[in-house]
Amino acid sequence: MIFFAFTLSALIVILFAAQVYQRTVADAAMNYNANTSLSYIREKIHQHDNGRIGVTTFDGSKAVVMKEKFGDEWYATYIYAANGALRELFIKDGMEANFTASSGQAILEIADFNVEVAGDRLLSFSCTDKDGQTATARVGVYAGDLVVDNSFTESSKTPGTAAATGQSTDTSTGGTP
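What counts and how
- Residues numbered from 1 in each chain as written.
- Predicted model: local features only at pLDDT ≥ 70, side-chain atom pairs only at ≥ 80, totals over all residues.
- Heavy atoms only, no water.
- Helix = DSSP H or I, 4+ residues; strand = E, 2+ residues; numbered from the N terminus.
- Buried < 20%, exposed > 50% of the residue type's maximum accessible area, 1.4 Å probe, protein only.
- Contact = heavy atoms within 4.5 Å.
- Areas by Shrake-Rupley, 256 points an atom, 1.4 Å probe, with all protein chains shown as cover.
- Pairing = 2+ DSSP bridges.
- pLDDT = per-residue confidence, 0-100.
- Salt bridge = Lys/Arg side-chain N within 4 Å of Asp/Glu carboxyl O.
- Axes fitted to C-alpha atoms, helices over the stretch in contact; angles between N-to-C directions.

Novice: Would you mind going over the overall build of the chain with me for this structure?
Specialist: Across its full length, the chain carries 1 helix and 9 strands. Written out in order from the N terminus, the α and β elements of the chain read α-β-β-β-β-β-β-β-β-β. Taking all 177 residues of the chain together, the buried fraction comes to 40%. Look at the contacts in the chain between residues 6 or more apart in sequence, and 46% of them connect residues 24 or more apart. For the chain, the accessible area works out to roughly 9800 Å², and carbon and sulfur atoms hold 55% of it.

As structure tokens, then:
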């Protein structure tokens, strides 16, 4: 009798643990693309934080643009969503008219991507995966400049000379850099 009770208890615990494990794996899989997309974007911004980072529209899609000078030339990296994927496009600055949203390299499958300036030196992102799961993140821009609406000009390409324009400068919104 005691052996039967012990066996039944062990079986119930094992079944309960299996259900918890299945739910955990399912939740992790649902959020994978949205969260991974945001992690990718955060890392790219941190890599380019010594240059110029902006929020713009690229071929009709909301985009983050990061500009850096290599030698005597400026180059731009655009991150945006198009054709069901988060995409990245690295081009020589000023050549945007020669490319379309489908020109970028597909990074991950997503349904939607949004970026906006959330405060002085703070960007807010959201990514929605194909299953409708949305993840959000905020990233601080420290060393470089944050420029809104692609207002990059020759006189403002030197880091430290421009600030966020056209947006609130309230940094009390918090966030993790």
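Novice: Which parts of the structure should I look at to understand the pairing of strand 4 (residues 85-92)?
Specialist: A regular strand places its side chains on the two faces of the sheet in alternate fashion. Of all 8 residues that make up strand 4, 6 are buried, and the element is covered over most of its length. The turn joining strand 3 (residues 73-82) and strand 4, which pair antiparallel and follow one another in sequence, is formed by 2 residues; a positive phi near 55° is taken by N83. Two strands pair when backbone bridges link them, and strand 4 and strand 5 (residues 105-109) are joined in this way by 4 bridges, in the antiparallel orientation. Paired with L86 across the strands is L108, a residue of strand 5.

Novice: Can you help me understand the confidence of the model for the chain in this one?
Specialist: Note that predicted coordinates carrying low pLDDT should not be read in detail. In this model, the chain carries an average pLDDT of 79, and 79% of its residues clear a pLDDT of 70 or more. Taken element by element, the chain is modelled with least confidence in strand 9 (residues 145-148), mean pLDDT 64, and with most confidence in strand 4, mean pLDDT 94. In this model residues 150-177 is a low-confidence stretch, pLDDT under 50, and it forms 59 contacts with partners more than four residues away in sequence or in other chains.

Novice: Explanation requested: unusual backbone geometry in the structure shown.
Specialist: Most of the time, phi is negative for any residue but glycine, and the peptide bond is trans. For N83, which is not a glycine, the phi torsion comes out positive at approximately 55°. By the secondary structure assignment, N83 is in the loop between strand 3 and strand 4. Although it is not a glycine, R121 sits at a positive phi angle of roughly 65°. Counting through the fold element by element, R121 comes out in the loop between strand 6 (112-119) and strand 7 (122-128).

Novice: I keep staring at the pattern of salt bridges and nothing clicks. Help me out?
Specialist: Pairing of side chains with opposite charge becomes possible as their charged atoms draw close. Counted according to the given criterion, the structure contains 4 salt bridges. When the shortest N-O distance is used, the salt bridge between E73 and K92 registers 3.3 Å. Here E73 is found in strand 3, whereas its partner K92 is found in strand 4, with 19 residues between them in sequence. For K92, a relative accessible area of 37% translates into the label partly exposed.

Novice: Could you clarify how one ought to interpret the side chain of T77 in this entry?
Specialist: Mapped onto the elements of the fold, T77 is located in strand 3. Not counting chain neighbours up to four residues away, the residues in contact with T77 comprise H48, V64, V65, M66, E88, L89 and F90.

Novice: What's the story with the sheet that holds strand 8 (residues 134-140) in this structure? I'm lost.
Specialist: In space, the 3 strands of this open sheet follow the order 6-7-8, with antiparallel pairing throughout. Either end of the sheet is taken by a strand with one partner, and the two such strands are strand 6 and strand 8. Sheet twist, expressed as the average angle between the axes of neighbouring strands with direction ignored, equals 20°. Alignment of strand 7 against strand 8, held across 7 bridges, turns out to be antiparallel. Among the inter-strand pairings, C127 is bridged to a residue of strand 8, identified as A135.

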